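Residues per chain, in single letters:
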Amino acid sequence: MTVRPILQVGDPRLRRVARPVPVEALGGPPIQQLIDDLIETMHAAHGAGIAAPQIGEGLRIFVVHVRDNPRYPYKPPVPLTVFVNPQLTILPEADGRYASAEIYEGCLSVPGLRGRVRRALRVRGAALDRHGAPFTFEAQGLTAGTLQHELAHLDGRLFLDELVDSRSLTTWENFDLFHKAAFLREAEAINARFPSGALTRSP
Ligand code: NI
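A brief look at the structure comes next.

Counting its secondary structure elements, the protein contains 4 helices and 9 strands. Reading the helices (α) and strands (β) of the protein from amino to carboxyl end gives α-α-β-β-β-β-β-β-β-α-β-α-β. Computed over its C-alpha atoms, the radius of gyration of the protein comes to 16 Å, within 12% of the 17 Å expected for a compact globule of 203 residues. Seen through its principal axes, the protein has C-alpha atoms that stretch 45 × 40 × 30 Å. By the burial criterion, 52% of the 203 residues in the protein qualify as buried. Expressed as a percentage of contacts within the protein between residues at least 6 apart in sequence, the contacts between residues at least 24 apart total 70%. Accessible surface, the protein as shown: approximately 9600 Å² in total, 55% of it carbon and sulfur. Taken as two groups, the 23 positive and 22 negative side-chain charges of the protein have centres that lie 2 Å from each other.

See the structure below:
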């Protein structure tokens, strides 16, 4: 496993639509090595997730892992999960409405900055695991936002493209100084509304 350099905003490779992974290639050493590198690189950078284009590989793979994350202390825990060729659908609430919220996001490819984006709070999806076995999943609350952020990387998009207002951009230092307290209250409200905020997957 190797910690790989993370591409930074401005690198055109972050802006390309990634290719699906051919299922027959998934079991082979190059893809398995890539997945190990993604996990290692995410952990080394304290990311909540990372997508293959962020290390220069234009393939539809991302990984997510949240546990006691110093960058995102308010995020509910998510077990380490590898998503290959993921699909995502936004789910309505019982009343037929689509729940969403503004969330401050950051990105390992956008160093030093955070900003507010609007994310759906309930999603369902399907993907292959690292061995090619299909699984389905549901995610709620902040975890749903994390998955939308990672999926966007596979389509060449960054959270910067989806800011609700460019004036919400802030350095991490100024986030802590001016915005963190209010956002922690918003995040707690989201966590309380979706207490099973973690990813549930089957099988
Ligand atoms: Ni990102």
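Our focus in this paragraph is the coordination of the nickel ion. Within the protein, the atoms that donate to the nickel ion are Cys107 (SG), His149 (NE2) and His153 (NE2), at distances of 2.1 to 2.3 Å. Linear spacing of the donor residues for the nickel ion on their chain is C-x41-H-x3-H. One end of the pair, cysteine 107, is in strand 4 (residues 100-107); the other, histidine 149, is in helix 3 (residues 141-154), with 42 residues separating them in the sequence. Comparing cysteine 107 with histidine 149, the two get one shared label, buried.

Moving on, we come to the nonpolar core. Counting residues in each nonpolar core, the largest one holds 32 residues, and the members touching the most others are Phe62, Phe83 and Leu147. Of all the secondary structure elements, the ones that give two or more residues to this core are strand 2 (61-66), strand 3 (78-90), strand 4, strand 6 (122-128), strand 7 (134-140), helix 3 and helix 4 (172-193). Those residues in contact with leucine 147 that sit more than four places away from it in its chain are Phe62, Val64, Phe83, Leu88, Val123, Phe137, Ala139 and Leu199. Counting residues in each nonpolar core, the second largest holds 19 residues, with Leu26, Leu34, Ile39 and Leu108 among its members.

Right, let's talk about the pattern of salt bridges for a bit. This model, assessed by the stated rule, comprises 16 salt bridges. Taking the shortest distance from any N to any O, the salt bridge between aspartate 155 and arginine 60 comes out at 3.0 Å. Here aspartate 155, found in the loop between helix 3 and strand 8 (170-171), pairs with arginine 60, found in the loop between strand 1 (49-51) and strand 2; they are 95 residues apart in sequence, far enough to count as distant. The exposure class assigned to aspartate 155 is partly exposed, which follows from its relative accessible area of 28%. The class for arginine 60 is buried, based on a relative accessible area of 13%. Between glutamate 102 and arginine 118 there is a salt bridge whose closest N-O contact spans 3.7 Å. You can see glutamate 102 sitting in strand 4 and its partner arginine 118 sitting in strand 5 (residues 110-120), a full 16 residues away along the chain. Glutamate 102 gets classed as partly exposed once you look at its relative accessible area, which sits at 26%. Residue classification places arginine 118 among the partly exposed positions, given a relative accessible area of 45%. One continuous salt-bridge network, built from bridges that share partners, spans Glu102, Arg116, Arg118 and Glu186.

Parameters and conventions
Residues numbered from 1 in each chain as written. Predicted model: local features only at pLDDT ≥ 70, side-chain atom pairs only at ≥ 80, totals over all residues. Heavy atoms only, no water. Helix = DSSP H or I, 4+ residues; strand = E, 2+ residues; numbered from the N terminus. Rg over C-alpha atoms; globule rule 2.2 N^0.38 Å. Buried < 20%, exposed > 50% of the residue type's maximum accessible area, 1.4 Å probe, protein only. Contact = heavy atoms within 4.5 Å. Areas by Shrake-Rupley, 256 points an atom, 1.4 Å probe, with all protein chains shown as cover. Lys, Arg positive; Asp, Glu negative; His and termini not counted. Charge placed at Lys NZ, Arg CZ, Asp CG, Glu CD. Donors = N, O, S within 2.8 Å, 3.2 Å for Na, K, Ca; no water. Core = buried A, V, L, I, M, F, W, Y, C linked by side-chain atoms within 4.5 Å. Salt bridge = Lys/Arg side-chain N within 4 Å of Asp/Glu carboxyl O.

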